[in-house]
Amino acid sequence: SQTIHQWPATLVQPVGSPLSLECTVEGTSNPNLYWYRQAAGRGLQLLFYSVGIGQISSEVPQNLSASRPQDRQFILSSKKLLLSDSGFYLCAWRTGHPNSPLHFGNGTRLTVT
Amino acid sequence: AQTVTQSQPEMSVQEAETVTLSCTYDTSENNYYLFWYKQPPSRQMILVIRQEAYKQQNATENRFSVNFQKAAKSFSLKISDSQLGDTAMYFCAPRRGNQFYFGTGTSLTVIP
């Protein structure tokens, strides 16, 4: 069966520090991969998605970036965190089938201090 | 970005009763897919139900069903026999291409 791993679960970082969140999927190949951010009490904002290795689509301009160095690995990064980067980050995957839903990881709670 | 409206920020329902959560969306496409997700206090996102727009029959999953009105671009979720474990945020999410667009959510509380 397919599983998704996302880490760390929680992270406290000072303003200006770098960020690296990692997500890996097991049990499937060539998944579509996604990064979402959820601010407190709000909906999900799509940050990046990828349909293949090295293919990244960005939804919002910001100081975050994403990379997909391997088929089932998706990394969210920042060189210098801002206070506004605080939030709950969710990684998700789906197959390329039209009715495939998103399958989410457990999320990372990021607090920038 | 696609507009998704969940007009009920908060709702409550007595245990064992029925509740309906509303969702409207904007799309110019004819064939697409819609999803409802549940996010309990653990914050894990859980798929509740999905609907394919070309199917006229409303989807059903145990106590969960949808009322899909394609012309009105409405996709409401009905929860029957509400249980305490249904307490969660519920998000409507139409899919367009490779992108899922999430509404702002409805916080549902089931009262014992």
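The coordinates are above.
Basis of the calculations
Residues numbered from 1 in each chain as written. Chains lettered and ligands numbered in written order. Predicted model: local features only at pLDDT ≥ 70, side-chain atom pairs only at ≥ 80, totals over all residues. Heavy atoms only, no water. Helix = DSSP H or I, 4+ residues; strand = E, 2+ residues; numbered from the N terminus. Rg over C-alpha atoms; globule rule 2.2 N^0.38 Å. Buried < 20%, exposed > 50% of the residue type's maximum accessible area, 1.4 Å probe, protein only. Contact = heavy atoms within 4.5 Å. Buried area = accessible area lost by both parts, 1.4 Å probe. Salt bridge = Lys/Arg side-chain N within 4 Å of Asp/Glu carboxyl O. Polar contact = N/O pair within 3.5 Å; in protein donor to acceptor, adjacent residues only side chain to side chain.

A. Molecular detail of the overall build of chain B. When its secondary structure is counted, chain B shows zero helices and twelve strands. Secondary structure elements of chain B, listed N to C terminal, follow the sequence β-β-β-β-β-β-β-β-β-β-β-β. Relative to the globule expectation of 13 Å for 112 residues, the C-alpha radius of gyration of chain B, 13 Å, shows essentially globular dimensions. Reported as C-alpha extents along the three principal axes, the dimensions of chain B are approximately 40 × 25 × 20 Å. Counting all 112 residues of chain B, 50% fall into the buried class. Taking as baseline every contact in chain B between residues at least 6 positions apart, the subset at least 24 positions apart corresponds to 52%.

B. Spatial organisation of the interface of chain B and chain A. With 18 residues of chain B at the interface, the matching set in chain A holds 23 residues. Here chain B meets chain A over a buried area of about 1,800 Å², counting both sides, of which 49% is carbon and sulfur. On the chain B side of the contact with chain A, Arg43, Asn98 and Phe100 of chain B bury the most area, a combined 33% of that side's loss. Applying the counting rule to chain B against chain A returns zero salt bridges.

C. Region of the structure containing the environment of Ile56 of chain A. All names here are of chain A. On the secondary structure map, Ile56 appears in strand E6 (residues 55-58). Note on Ile56: relative accessible area 31%, which makes it partly exposed. Counting along the chain gives 23 residues from Ile56 to Leu33, while the straight-line C-alpha distance between them is 9.3 Å.

D. Structural view of the environment of Ser65 of chain B. Residues and elements named next belong to chain B. Structurally, the position occupied by Ser65 is in strand E8 (residues 64-69). Judged by its relative accessible area of 16%, Ser65 is buried. For the pair formed by Ser65 and Ser7, sequence separation is 58 residues and the distance between their alpha carbons is 19 Å. Among all residues touching Ser65, those that are not within four sequence positions of it are Ile49, Ala59, Thr60, Ser76, Leu77 and Lys78.

E. Local environment of the side chain of Asn32 of chain A. Its place among the elements puts Asn32 of chain A in strand E4 (residues 32-38). In terms of polar contacts, Asn32 of chain A uses its side chain to reach the side chain of Asn98 of chain B, at 3.4 Å. Setting aside anything within four residues of it in sequence, one finds Asn32 of chain A in contact with Ser50, Val51, Ala92, Trp93, Arg94, Thr95 and Gly96 of chain A together with Asn98 of chain B.

F. Fine view of the pattern of salt bridges. Residues and elements named next belong to chain A. Throughout the structure, instances matching the rule amount to five salt bridges over all chains. The residue Asp85 makes a salt bridge to Arg37 at a minimum N-O spacing of 3.7 Å. In this pair, Asp85 sits in the loop between strand E8 (73-78) and strand E9 (87-94) while Arg37 sits in strand E4, placing the two residues 48 residues apart along the sequence. You'll find Asp85 and Arg37 in the same group, each marked buried. Across the pair Arg68 and Asp71 runs a salt bridge whose closest N-O atoms are separated by 3.2 Å.

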